[in-house]
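Each chain, written out:
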Amino acid sequence: MSVRQGLTFQRTERLFMRRMGQVERRLLEAMCGRRRLLPLVLMKLPCSLYCSLWFLLLLGAGSTLILLQLPHLSVMVQQQTPGTNSDFDTGNPAEGDVAGGYDTAQPLENRASFPTLHPPLPLLQQLSNSSPASHEDQAARPKLHFLEDILDSAGGGGGGPQQRLAQTQASRRRVLREVCAKYQPSVANQLLSRRQVSRVYVEDRTGLLYCEVPKAGCSNWKRVLMVLGGSATSPVDIPHDAAHNANRLRRLDGYDRAAIAERLHDYTKVLFVREPFERLVSAFRDKFESPNSYYHPVFGRAIISKYRVNASRSALRTGAGVTFREFVQYLLDVHRPVGMDIHWEPVSQLCNPCLLRYNFIGKFESLEEEANFLLRSMGAPENLSFPHFKDRNPLAERTSSRITQSYFAQLDSMERQKIYDFYYMDYLMFNYQKPFKDLH
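Quick summary incoming for the structure in this document. (Residues numbered from 1 in each chain as written. Predicted model: local features only at pLDDT ≥ 70, side-chain atom pairs only at ≥ 80, totals over all residues. Heavy atoms only, no water.)

1. A look at the overall build of the protein
Here is step 1 of the chain: The helix and strand tally for the protein stands at 21 helices and seven strands.
Here is step 2 of the chain: Across the protein, contacts joining residues at least 24 apart in sequence account for 73% of those joining residues at least 6 apart.
Here is step 3 of the chain: Carbon and sulfur atoms provide 54% of the accessible area of the protein, an area that totals close to 22,400 Å². (Helix = DSSP H or I, 4+ residues; strand = E, 2+ residues; numbered from the N terminus. Contact = heavy atoms within 4.5 Å. Areas by Shrake-Rupley, 256 points an atom, 1.4 Å probe, with all protein chains shown as cover.)

Right under this line is the structure:
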């Protein structure tokens, strides 16, 4: 190699070294000793070996860069994974809890999908690490052995009312388990947050956990819990306001982590549900067709302001007179002017049945019979029966299937379909039939 070729090579090598990254430069220096020896080494190599060496060096440097960047790439992928990360308002206003910004409406094509659970507190690591089978074992372990005892004592035959009710419970748990396995198979790996147990009331004397579902007998259930806990002697003596605002009942999210885990494992977990359309109409009639100092100014004014054309000054000021169609428009709006409320929030999100694995799933349609069956089976006092009175708006007819049909007749088929999609998981989980034939 001539002197001119050597000088040209050195200039080329310096230019290349300046453009190389730090990692490649260190690799070359490590292989060739010191940087000043690199030209001498390369000048002694044949051209083919020289090209091969540079190719291998560049390949190794590129591989090293990829390995170094893998952790950052994984973080980017996790951050870009689609999901719902909702913020919740867990305060307790006078009439109900409002989850600001929490959107439960699902598009038609995604109606069967569960929303991603929001980032949880590390409350129950031992439960979240369990397999689905172990969760089911835990659900059979608490104080509802009486269901199995009733079936065994009846010998599996026709039996009486107790066996029929026990078989009904077994069937409801099976349906719920199948729906959860199909639509939320990874729930067993989820950590449990305080938000997810915030609607669960605790009765320590009898070992009972009750998830409050408004418009499904929750007022009378609170009365029963007060009697079981010793703060009242009879449910019929407890006024409506006392049952909701002065009940001294503890919620599960008020306990520490270990106490929450212990109660979820050992206590009987109870849930009572209601046909979703009927529950929705019941909530609308109660909150918007009767005088209400909370829902009219908070919800009514916002609904009228957004959805009523040429609203009167009086309606905008008071919030009274919301129509059922306006209420439905609010419910289905992904940009609601005011947040979700527990009185019409889907039970599938309010009580997290796939995560909590309830032992007893009652229905409002047979509320008294099933509630008394549960109380007797748990050893409640013989003089304690589930109350059947309606103390809120007692002169108004109780919302029935017939009344529900009349309200939904005010809507067109598309609006009915969207509401059905909104409550789709409730219909699946609790095995309610479609209320209209044109629903799909």
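2. Focus on the environment of Arg376
Here is step 1 of the chain: With respect to the helices, strands and loops of the structure, Arg376 is situated in helix H18 (residues 367–377).
Here is step 2 of the chain: Beyond its immediate sequence surroundings of up to four residues, Arg376 is in contact with Pro381, Glu382, Leu384 and Ser385.
Here is step 3 of the chain: Here the side chain of Arg376 touches Leu384 through a polar contact of 2.8 Å, landing on its backbone oxygen. (Polar contact = N/O pair within 3.5 Å; in protein donor to acceptor, adjacent residues only side chain to side chain.)

3. With respect to the sheet that holds strand E4 (residues 250–251)
Here is step 1 of the chain: Pairing is mixed in the open sheet, where five strands are placed in the order E4-E2-E3-E5-E7. Either end of the sheet is taken by a strand with one partner, and the two such strands are E4 and strand E7 (360–363).
Here is step 2 of the chain: Pairing analysis gives two bridges linking strand E2 (residues 200–203) to E4, with the strands arranged antiparallel. In the strand pairing of E4, Tyr201 is matched with Arg251.
Here is step 3 of the chain: Along the sheet, H18 makes contact with strand E5 (268–273) and E7, crossing E7 at roughly 155 degrees. (Pairing = 2+ DSSP bridges. Axes fitted to C-alpha atoms, helices over the stretch in contact; angles between N-to-C directions.)

4. Examining the side chain of Arg199
Here is step 1 of the chain: Mapped onto the secondary structure, Arg199 falls in the loop between helix H8 (161–183) and E2.
Here is step 2 of the chain: What makes Arg199 buried here is its relative accessible area of 4%.
Here is step 3 of the chain: Within the structure, Arg199 has its side chain in polar contact with the side chain of Glu212 (distance 2.6 Å). (Buried < 20%, exposed > 50% of the residue type's maximum accessible area, 1.4 Å probe, protein only.)

5. A few points about the environment of Leu411
Here is step 1 of the chain: With respect to the helices, strands and loops of the structure, Leu411 is situated in the loop between helix H19 (401–408) and helix H20 (413–422).
Here is step 2 of the chain: Taking the C-alpha atoms as reference points, Leu411 and Phe324, separated by 87 residues in sequence, lie 8.7 Å from one another.
Here is step 3 of the chain: If near-sequence neighbours (up to four positions away) are discounted, Leu411 is found in contact with Phe324, Arg325, Val328, Arg416 and Ile419.

6. Topic: unusual backbone geometry
Here is step 1 of the chain: Non-glycine residue Lys215 carries a positive phi angle of around 70 degrees.
Here is step 2 of the chain: Despite not being glycine, Arg248 has its phi angle at roughly 55 degrees, a positive value.
Here is step 3 of the chain: By relative accessible area, which is 77% here, Arg248 ends up exposed.

7. What about the pattern of salt bridges?
Here is step 1 of the chain: The final tally for this structure, using the stated rule, is 15 salt bridges.
Here is step 2 of the chain: Where Glu212 meets Lys222, a salt bridge forms, and the shortest distance between an N and an O atom there is 2.7 Å. With Glu212 in the loop between strand E3 (208–211) and helix H9 (218–229) and Lys222 in helix H9, the pair connects residues that are 10 residues apart, well separated along the chain. Residue Glu212 shares its accessibility class with Lys222, and that shared class is buried. (Salt bridge = Lys/Arg side-chain N within 4 Å of Asp/Glu carboxyl O.)

8. A short note on the packing of helix H12 (residues 276–288) against H19
To characterise two packed helices, one gives the angle between the axes of the helices and the distance between these axes.
Here is step 1 of the chain: As a packed pair, H12 and H19 sit with axes 9 Å apart at the nearest point and diverge in direction by 80 degrees. Taken together, H12 and H19 sit at an angle that is classed as roughly perpendicular. Residues Phe277, Glu278, Leu280, Val281, Phe284 and Arg285 of H12 pack against Ser401, Ile403, Thr404, Tyr407 and Phe408 of H19.
Here is step 2 of the chain: The residue makeup of the contact of H12 with H19, split by class, is seven nonpolar, two polar and two charged. (Parallel < 35°, antiparallel > 145°, perpendicular 65-115°, else oblique. Nonpolar A, V, L, I, M, F, W, Y, C, P; charged D, E, K, R; others polar.)

9. Regarding the side chain of Arg285
Here is step 1 of the chain: Within the fold, Arg285 resides in helix H12.
Here is step 2 of the chain: An unpaired buried charge is present at Arg285: no salt bridge exists, and Glu289, the closest side chain of opposite charge, is 4.1 Å distant.
Here is step 3 of the chain: Other than its neighbours up to four places away in sequence, Arg285 contacts Ser290, Ala396, Glu397, Arg398, Thr399, Ile403 and Tyr407. (Lys, Arg positive; Asp, Glu negative; His and termini not counted.)

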